[in-house]
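Observations on chain architecture
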Amino acid sequence: MKANKVDIIIPVYNVEPYLRRCLDSMLAQTYPHWRAICVDDGSTDGSPAILEEYAAKDSRFMVIHQENGGLSHARNEGMAVADAEYVMFVDSDDFIHPQTLELAVGLIERDGTDMVSWYRNSFYRNIQLKLMRLFKVDTEKAGAWRSPFKYRLGRIKTVVTDDALKYASDWNHPEQKFAIKHCFVWRHLFKRSLIKDVKFIKGMKYEDIPWWSELLMKPIKTTITQLPLYYYYVNRKSISKSINELERLETLLNGLSLIQKMYQDNGDMERLQMWSHNIKWAILVRGTKALARIMVSPDADKLVHYISDMAKTGLFDNATTPVELKAKEAYYTVAAGQKFSL
């Protein structure tokens, strides 16, 4: 058997306080046939030295050092050297359950699917972090007390679908019990052949949304489980937490506009409408709260100009449900330079 049946791509940028926890979760895997492709994206802290330390003691850690190019570039560079049958992504301030690879590989091979999806663990939800900080628990080093819990492959409840887009949802309360909630690339194991030609957009924040949306343009046979295998840590210094509200909204809308054009060019209106309802409008509806706040801020004029340009692309024009239609009205109100209330 090839040594690395799974390549795990880990972008690394100035995450010294969390990095050992992430890498240790690789070493703790019950499935041994993996390689961690750690892409040091120009870190200026102690992260490069930690990566070299782990690579020296275990050959399954591969380290790439490069000048800072952003998260998308780092993930693309990791994919460029990946050659395993399966690929997954892990962010370097997060970590995974010890059985993640064992269960994911077992499920994808049992079901003959192209992708396995799971849930994130609730251990690091905001309320728990606040309590831990209140009682002065070191959240940067704290591991999850539930992570040693053992799962049996034969007892795992799953849904197998021929089309992941039917279950993909960015709504907070999806209709399907086994919905693939939100556009996070780190909640899946993929066949490498499935994603090798799908690139992350360099320089774009919230790059998961257009990448995931592009992947879903074609039906993907998928195993979905609700197992909480991924520990997402709310890092207040992360990219998603470090940009202002206007930039965040502009970035999200730009990504949605690019993907909508891609779906339109593909000519499959049924998939365009499915993607729009499951993903695009869920994000646009949530964005109306930001619209209202920005319209009473010094950035109001910038927002009006940007939303007006987005409206010309037709981004807000295929609303169908009452909640979508209400959001559409809000965006066109802003495009006209008018304030609104929710």
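Before reading on, note that the structure itself is shown above.
These remarks concern the structure in this document. Everything numeric in this text was worked out from a predicted model, so none of it was measured. (Residues numbered from 1 in each chain as written. Predicted model: local features only at pLDDT ≥ 70, side-chain atom pairs only at ≥ 80, totals over all residues. Heavy atoms only, no water.)

**Here we look at the overall build of the protein**
A count of helical and extended segments in the protein gives 11 helices and 11 strands. Within the protein, the proportion of its 342 residues that are buried is 54%. Counting only carbon and sulfur atoms, one obtains 53% of the accessible surface of the protein, whose full area is about 15800 Å². (Helix = DSSP H or I, 4+ residues; strand = E, 2+ residues; numbered from the N terminus. Buried < 20%, exposed > 50% of the residue type's maximum accessible area, 1.4 Å probe, protein only. Areas by Shrake-Rupley, 256 points an atom, 1.4 Å probe, with all protein chains shown as cover.)

**Thoughts on the pattern of salt bridges**
Pairing between side chains of opposite charge can happen when the charged atoms of each approach one another. Applying the stated rule across the entire model yields 17 salt bridges. Between Arg110 and Asp111 there is a salt bridge; the shortest N-O distance is 2.8 Å. Asp111 sits in the buried class, given a relative accessible area of 18%. Sharing partners across several salt bridges, the network here consists of Arg75, Asp91, Glu207 and Asp208. (Salt bridge = Lys/Arg side-chain N within 4 Å of Asp/Glu carboxyl O.)

**Digging into the pairing of strand 1 (residues 6–12)**
Where burial is concerned, most of strand 1 is hidden: 7 out of the 7 residues are buried. In strand 1, alternate side chains face the same way, and those of Val6, Ile8, Ile10 and Val12 on one face and Asp7, Ile9 and Pro11 on the other are all buried. One ladder, built from 7 bridges, connects strand 1 with strand 2 (residues 34–41); its direction is parallel. By the bridge assignment, Ile10 is partnered in strand 2 with Cys38. Once the chain exits strand 1 it traverses helix 1 (residues 16–27) before rejoining the sheet at strand 2, and the crossover so formed is right-handed. Examined bridge by bridge, strand 1 and strand 4 (residues 86–89) share 4 bridges and lie parallel to one another. Bridge assignment links Asp7 to a residue of strand 4, and that residue is Val87. (Pairing = 2+ DSSP bridges. Right-handed = clockwise from strand over helix to strand, strands pointing away.)

**Regarding the packing of helix 10 (residues 300–312) against helix 11 (residues 322–335)**
Packed helix pairs are characterised by how far apart their axes lie and by the angle those axes make with each other. Interhelical geometry of helix 10 versus helix 11 gives an angle of 120 degrees and a closest axis separation of 7 Å. Taken as axis vectors, helix 10 and helix 11 run oblique relative to one another. When you trace helix 10 past helix 11, the crossing you get is left-handed. Across the interface between the two elements, Leu303, Val304, Ile307, Ser308 and Ala311 of helix 10 pack against Tyr331, Tyr332, Val334 and Ala335 of helix 11. (Axes fitted to C-alpha atoms, helices over the stretch in contact; angles between N-to-C directions. Parallel < 35°, antiparallel > 145°, perpendicular 65-115°, else oblique. Left-handed = near helix turned anticlockwise from the far one by under 90°. Contact = heavy atoms within 4.5 Å.)

**Some thoughts on the nonpolar core**
If you look at the biggest cluster of nonpolar residues, it comprises 67 residues, and the most contacted ones within it are Phe89, Trp211 and Trp212. Among the secondary structure elements, those contributing two or more residues to this core are strand 2, helix 3 (71–81), strand 4, helix 7 (208–215), helix 8 (245–266), helix 9 (269–294), helix 10 and helix 11. Looking at this core element by element, the count peaks at 13 residues for helix 9. In contact with Phe89, other than residues within four places in its own chain, are Ile9, Arg75, Met79, Val185, Trp186, Phe190, Ile195, Phe200, Trp211 and Tyr230. (Core = buried A, V, L, I, M, F, W, Y, C linked by side-chain atoms within 4.5 Å.)

**Observations concerning the packing of aromatic side chains**
For the structure shown, the criterion picks out 16 aromatic pairs. Ring centres 5.6 Å apart and planes at 80 degrees place the aromatic pair Tyr54 and Phe61 in the edge-to-face group. Just as Tyr54 is buried, Phe61 falls in that class too. Ring plane angle 75 degrees and centroid distance 5.5 Å describe the contact between Phe190 and Trp211, whose orientation is recorded as edge-to-face. Taken as a pair, Phe190 in strand 10 (residues 188–191) and Trp211 in helix 7 lie far apart in primary sequence, 21 residues in all. Side by side, Phe190 and Trp211 carry an identical accessibility label, which is buried. Through pairs of rings, three or more aromatic residues link up here, namely Phe89, Phe190, Phe200 and Trp211. Residue placement shows Arg21 over the ring face of Tyr233; its charged tip is 4.8 Å from the ring centre. (Phe/Tyr/Trp six-rings, centres within 6.5 Å; stacked < 30°, edge-to-face > 60°. Lys NZ or Arg CZ within 6 Å of the ring centre and 35° of its normal.)

**Structural notes on helix 7**
Here helix 7 lies mainly inside the structure; 7 of its 8 residues are buried. Among the residues of helix 7, those classed as buried are Asp208, Ile209, Pro210, Trp211, Trp212, Ser213 and Leu215.

**A short note on the environment of Pro48**
You can see Pro48 is positioned in helix 2 (residues 47–57). Here the alpha-carbon distance between Pro48 and Val63, two residues 15 residues apart in the chain, equals 8.6 Å. Apart from the residues within four sequence positions on either side, Pro48 is in contact with Asp40, Ser43 and His65.

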